[in-house]
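# Commentary on secondary and tertiary structure
What follows is the residue order along each chain.
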Amino acid sequence: MSNARSLLTNAILFHLLLCVIGGVAFDPKQTKIFGPIIAPLAIATSIGLIMFSTSNVFRGFGPMLNFAECVGISTVSGTWNGSEWISLAGPSLASIFHAVLYMSVPPTHTELGRYQVPLFAHLKRD
């Protein structure tokens, strides 16, 4: 798998994981519906599905979602292959993309029933 393809795959999978975490674990409305038990189960299930579905793509190791694990394994084994930067750049790009989506597509309504970007919530609309 090429470096660009690995970077894109890692970014997409980490964004999927961030959507599950943000949509289930950190949304107060979902906490009222699902309770405190479902969020960790949903997060663990999504991580397991990501690792299981990509085990053949990444030669049995799953996606490089943890930078410390990727660099640690390379350091201990002494085999640096030059693609360790992907495990830092992929989740970073996904986090930036997720932050932009969160700012532009807010999860809540205002009192008037219209969407309002959380960054500009202090501004009054007529």
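Residues numbered from 1 in each chain as written. Predicted model: local features only at pLDDT ≥ 70, side-chain atom pairs only at ≥ 80, totals over all residues. Heavy atoms only, no water.

### Here's the deal with the overall build of the protein chain
Within the protein chain one finds 5 helices and 0 strands. Along the protein chain, from the amino end to the carboxyl end, the secondary structure elements read α-α-α-α-α. With 126 residues in all, the protein chain has 26% of them scored as buried. Taking the contacts inside the protein chain whose residues are at least 6 apart along the sequence as the reference set, 48% of them involve residues at least 24 apart. When the accessible area of the protein chain is evaluated, it comes to approximately 8,800 Å², of which 70% is carbon and sulfur surface. (Helix = DSSP H or I, 4+ residues; strand = E, 2+ residues; numbered from the N terminus. Buried < 20%, exposed > 50% of the residue type's maximum accessible area, 1.4 Å probe, protein only. Contact = heavy atoms within 4.5 Å. Areas by Shrake-Rupley, 256 points an atom, 1.4 Å probe, with all protein chains shown as cover.)

### Focus on the nonpolar core
Residues Ala11, Leu13, Phe14, Leu17, Leu18, Ile50 and Ala94 constitute the largest nonpolar core, which totals 7 residues. If one sorts the elements of this core by residue count, helix α1 (residues 3-25) sits on top with 5 residues. (Core = buried A, V, L, I, M, F, W, Y, C linked by side-chain atoms within 4.5 Å.)

### What about helix α4 (residues 67-77)?
Since there are 3.6 residues in each turn of an α-helix, residues three or four apart along the chain are aligned in direction. Along α4, the residues classified as buried are Cys70, Val71 and Ser74. The buried residues of α4 occupy an angular sector of 90 degrees when the element is viewed end-on, so they sit on one face. Summarising the geometry of α4, the exposed residues directed more than 90 degrees from the buried face are Ala68, Ile73 and Val76. Next to the buried residues of α4 lie α5 (86-104). Of the residues flanking the end of α4, it is Gly78, one or two places downstream, whose phi is positive at about 75 degrees. (Arc of directions from axis to C-beta.)

### A look at the environment of Pro36
Inspection of the secondary structure puts Pro36 in the loop between α2 (28-34) and α3 (38-53). The spatial distance from the C-alpha of Pro36 to the C-alpha of Val24 is 9.9 Å, given a sequence separation of 12 residues.

### Focus: the packing of α1 against α5
Axis separation between α1 and α5 bottoms out at 8 Å; the angle between their running directions is 45 degrees. In terms of axis orientation, α1 runs oblique to α5. Once α1 is placed against α5, the crossing between them reads as right-handed. Counting all contacts with α1, which are made through Asn3, Ser6, Leu7, Asn10, Ala11, Phe14, His15, Leu18 and Cys19, the residues of α5 involved are Ile86, Ala89, Gly90, Pro91, Leu93, Ala94, Ser95, Phe97, His98 and Leu101. Looking at side-chain class alone, the contact of α1 with α5 contains 12 nonpolar, 7 polar and no charged residues. (Axes fitted to C-alpha atoms, helices over the stretch in contact; angles between N-to-C directions. Parallel < 35°, antiparallel > 145°, perpendicular 65-115°, else oblique. Left-handed = near helix turned anticlockwise from the far one by under 90°. Nonpolar A, V, L, I, M, F, W, Y, C, P; charged D, E, K, R; others polar.)

### A look at the packing of α1 against α3
As a packed pair, α1 and α3 sit with axes 9 Å apart at the nearest point and diverge in direction by 170 degrees. Taken together, the axis directions place α1 and α3 in an arrangement best described as roughly antiparallel. Residues Leu13, Leu16, Leu17, Val20, Ile21, Val24 and Ala25 of α1 touch α3, and the partners they reach there are Ala39, Ala42, Ile43, Ser46, Ile47 and Ile50. Of the residues assigned to the contact of α1 with α3, the class counts are 12 nonpolar, 1 polar and no charged.

So yeah, pure geometry; function would need other evidence.
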